[in-house]
Amino acid sequence: MLSRLGLFVAAVLLLPLLARLLADALPDWLAAEPMPLAPLGWALVTAVLLLFLADWLLGLRGGQRLLRLQRYYYLALAVASALLGWLLAYLNVFAESWLIPAGHDVTGSLLQTLLFALTAPAVLLLRAALGRSAPLLKVLAGWPAPRFASREFFTLALLALALLGLTVGSVWPGSGLLWTAPLLLLAGLQGLWHESSIFDGLARGDWGRLLTAALAGLIVGNLLTYAFTLGGGHLILQVSFAYVQPGFALFGLLCLQLGDVIAEAWRGKTRAELFPKKPFPVSVVVKK
């Protein structure tokens, strides 16, 4: 798991920068005045409410509250989500899909890190809550199963498209290739290590997992954006609204794939290893 995440981070950081160096078109790194804390605070409160609301919905009708049941998994996911958020902000320096006319001070950076850390857990908890909706699952059932080539060819195709997005996409921001690259790269690395990716279920006609993740990404992305602007934040979109919504859906899929990578640390363990029993508080001595 760590090796895959390390390669993922290194590729996202280095390849766009190398492509811009070769094109002699480095981005502008100048920072503006520090961002006011109110917009970040509103977005952070919204993320916390979304997180616990989705967890509460999961607990209805005898369901499991995943934040309590899988708290270590969600803590690990939060750390990875914080890193992912800063990586996407770094890629936006090359893509310039949105502009925020403000820089970062220490307090603002901490709040933004907390916001990033809550985003992927909120998306996955909301996806799980949506996955319990029988009417929604009924709509998603019975979709056709696409036929892919061999698994090896599919993995190489994902990696090739990811490398293309991180290099050509950083020099040609209007193509949108740069934003598809993180998901394709992470899924391709999973295939390279002979682990499952989020696309494997499509061969069985399982569209529900992907579409509920995309829907969760849409909901979380729009609500956090609205909360940020409601708090007085200035967000300048450099792309049309028609491109923003697929971007939020793509982010939901990226969170799902990241969650699958993090979950590998818990795969193959017994229930006793995951939930160790507490020692009996009173020692019992049995005499023969």
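All values reported here derive from a predicted model rather than from experimental measurement.

Draft legend 1. Looking closely at the packing of helix α1 (residues 2–23) against helix α7 (residues 151–171). Packing of α1 against α7 leaves a shortest axis separation of 8 Å and a crossing angle of 40°. Judged on the interaxial angle alone, α7 and α1 are oblique. Regarding α1 and α7, the two cross each other, and that crossing is right-handed. Seen from α1, the contacting residues are A11, V12, L15, P16, A19, R20 and A23; seen from α7, they are L163, L166, T167, S170 and V171. Taken together, the residues of the contact of α1 with α7 break down into nine nonpolar, two polar and one charged.

Draft legend 2. Spotlight on the pattern of salt bridges. Counting across every chain of the model gives three salt bridges. Of the charged contacts, one joins R4 and E264 as a salt bridge, the two residues approaching to 2.8 Å between their closest N and O atoms. Of this pair, R4 sits in helix α1 while E264 sits in the loop between α10 (241–263) and α11 (271–274), placing them 260 residues apart in sequence. The exposure classification of R4 matches that of E264, with both residues buried. Between D55 and R65 there is a salt bridge whose closest N-O contact spans 3.0 Å. Taken as a pair, D55 in helix α2 (residues 37–59) and R65 in the loop between α2 and α3 (66–69) lie far apart in primary sequence, ten residues in all. By relative accessible area, D55 is classed as buried at 3%. Taking relative accessible area as the criterion, R65 reaches 33% and is therefore assigned partly exposed.

Draft legend 3. The confidence of the model for the protein, seen in detail. Confidence in the prediction of the protein, expressed as mean pLDDT, is 83, and 87% of residues score 70 or more. Long-range and interchain partners of residues 270–275, a stretch whose pLDDT sits below 50, account for three contacts in this model, where long-range means more than four residues apart.

Draft legend 4. Here's a closer look at a nonpolar patch on the surface. Side chains of L13, L14, L18, L21 and L26 sit close together on the surface and give an oily, nonpolar patch of about 450 Å² of accessible area. Structurally, the position occupied by L21 is in helix α1.

Draft legend 5. Examining unusual backbone geometry more closely. Its identity as a non-glycine residue notwithstanding, E96 has a phi of 55°, on the positive side. Considering the arrangement of structural elements, one finds E96 in the loop between α4 (71–95) and β1 (98–99). The class of E96 is partly exposed, set by a relative accessible area of 41%. One non-glycine residue, H194, adopts positive backbone phi at about 60°.

Thresholds applied
Residues numbered from 1 in each chain as written. Predicted model: local features only at pLDDT ≥ 70, side-chain atom pairs only at ≥ 80, totals over all residues. Heavy atoms only, no water. Axes fitted to C-alpha atoms, helices over the stretch in contact; angles between N-to-C directions. Helix = DSSP H or I, 4+ residues; strand = E, 2+ residues; numbered from the N terminus. Parallel < 35°, antiparallel > 145°, perpendicular 65-115°, else oblique. Left-handed = near helix turned anticlockwise from the far one by under 90°. Contact = heavy atoms within 4.5 Å. Nonpolar A, V, L, I, M, F, W, Y, C, P; charged D, E, K, R; others polar. Salt bridge = Lys/Arg side-chain N within 4 Å of Asp/Glu carboxyl O. Buried < 20%, exposed > 50% of the residue type's maximum accessible area, 1.4 Å probe, protein only. pLDDT = per-residue confidence, 0-100. Patch = residues over 30% accessible without salt bridge, like charges linked within 9 Å, V, L, I, M, F, W, Y side chains within 5 Å. Areas by Shrake-Rupley, 256 points an atom, 1.4 Å probe, with all protein chains shown as cover.

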